Amino acid sequence: MTKNEEIEMNEGSHKSPKEWEKMDYEAKCLPDFKNDDDKVVAKIYETDNYGQFRVDKDLCNDDRIKSLKLKYTLNHESLPLVAVKENLGQWEIIVGQDSYCAAKELRIPVYYYETFDSKQFQRSNDLSFNDMEDLLKHLLDKYSFGC
């Protein structure tokens, strides 16, 4: 127990010595959840522009959509986040189709995040003629194509 806690305890605090002991133990033993090394890896976006998403209706579960809508309406529970990736100028929903459909039916914003920065991982498939020729030679030397 620290000196300040002892003084506070002796000056009429309503905590018992056991409670002070527990607080001291927790301060020493419980992990610090915010670490200086933590970094932002994703941003969460909010939109009511439903047209920017591409959803596979076959992956939607009507019962789950109804359940999410009821939980939102009756219990004020937030809808799960929607995970997306960029595909042909639209956000393709990877996870959370039901959440997206529920938000759209309720006419409330969709909260989503990009699963990875597709621009960061883009690679160039633009091979020169020499690159193609080298690749073809390599494949012909290494493999038998039954010719």
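So, how was this worked out
- Residues numbered from 1 in each chain as written.
- Predicted model: local features only at pLDDT ≥ 70, side-chain atom pairs only at ≥ 80, totals over all residues.
- Heavy atoms only, no water.
- Patch = residues over 30% accessible without salt bridge, like charges linked within 9 Å, V, L, I, M, F, W, Y side chains within 5 Å.
- Areas by Shrake-Rupley, 256 points an atom, 1.4 Å probe, with all protein chains shown as cover.
- Salt bridge = Lys/Arg side-chain N within 4 Å of Asp/Glu carboxyl O.
- Helix = DSSP H or I, 4+ residues; strand = E, 2+ residues; numbered from the N terminus.
- Pairing = 2+ DSSP bridges.
- pLDDT = per-residue confidence, 0-100.
- Phe/Tyr/Trp six-rings, centres within 6.5 Å; stacked < 30°, edge-to-face > 60°.
- Buried < 20%, exposed > 50% of the residue type's maximum accessible area, 1.4 Å probe, protein only.

Observations concerning a nonpolar patch on the surface
Next up, step 1: Among the surface-exposed residues, Met132, Leu135, Leu139 and Tyr143 lie close enough to one another that they form a single nonpolar patch of about 360 Å² accessible area.
Next up, step 2: Along the chain, the position of Met132 falls in helix H5 (residues 129–142).

Considering the sheet that holds strand E2 (residues 53–54)
Sheet strands pair via backbone hydrogen bonds, and the direction of the pair is either parallel or antiparallel.
Next up, step 1: Judged by pairing direction, the sheet is mixed, and its five strands sit side by side in the order E1-E5-E3-E4-E2 without closing on themselves. Sheet topology places strand E1 (45–47) and E2 at the edges, where each strand pairs with a single neighbour.
Next up, step 2: In this structure, E1 lies alongside strand E5 (residues 110–114), joined through three bridges in antiparallel fashion. Bridge pairing in E5 links Glu46 to Tyr111.

Here we look at the confidence of the model for the protein chain
Next up, step 1: Mean pLDDT over the protein chain stands at 77; residues scoring 70 or higher make up 65%.
Next up, step 2: When pLDDT is averaged over each helix and strand of the protein chain, the minimum, 51, is found for helix H1 (residues 3–10) and the maximum, 95, for helix H4 (residues 97–106).

Thoughts on the packing of aromatic side chains
Next up, step 1: Following the criterion strictly, the structure yields five aromatic pairs and no others.
Next up, step 2: Ring geometry for Phe53 versus Tyr100: centroids 5.4 Å apart, planes at 55 degrees, classification tilted. Residue Phe53 is located in strand E2, and its partner Tyr100 is located in helix H4; the two are separated by 47 residues in the primary sequence.
Next up, step 3: Taking relative accessible area as the criterion, Phe53 reaches 6% and is therefore assigned buried.
Next up, step 4: Accessibility expressed as a relative area gives 2% for Tyr100, which makes it buried.

Some points on the pairing of strand E3 (residues 82–87)
Next up, step 1: Here three bridges tie E3 to E5, and the two strands are oriented parallel to one another. Opposite Val84, over in E5, you have Glu114 as the bridge partner.
Next up, step 2: Relative to strand E4 (residues 90–95), E3 is paired through five bridges, and the arrangement is antiparallel. Bridge pairing links Lys85 to Glu92 in E4.
Next up, step 3: Linking E3 back to E4 in an antiparallel pair, the connection comprises two residues, with Leu88 at a positive phi of about 55 degrees.

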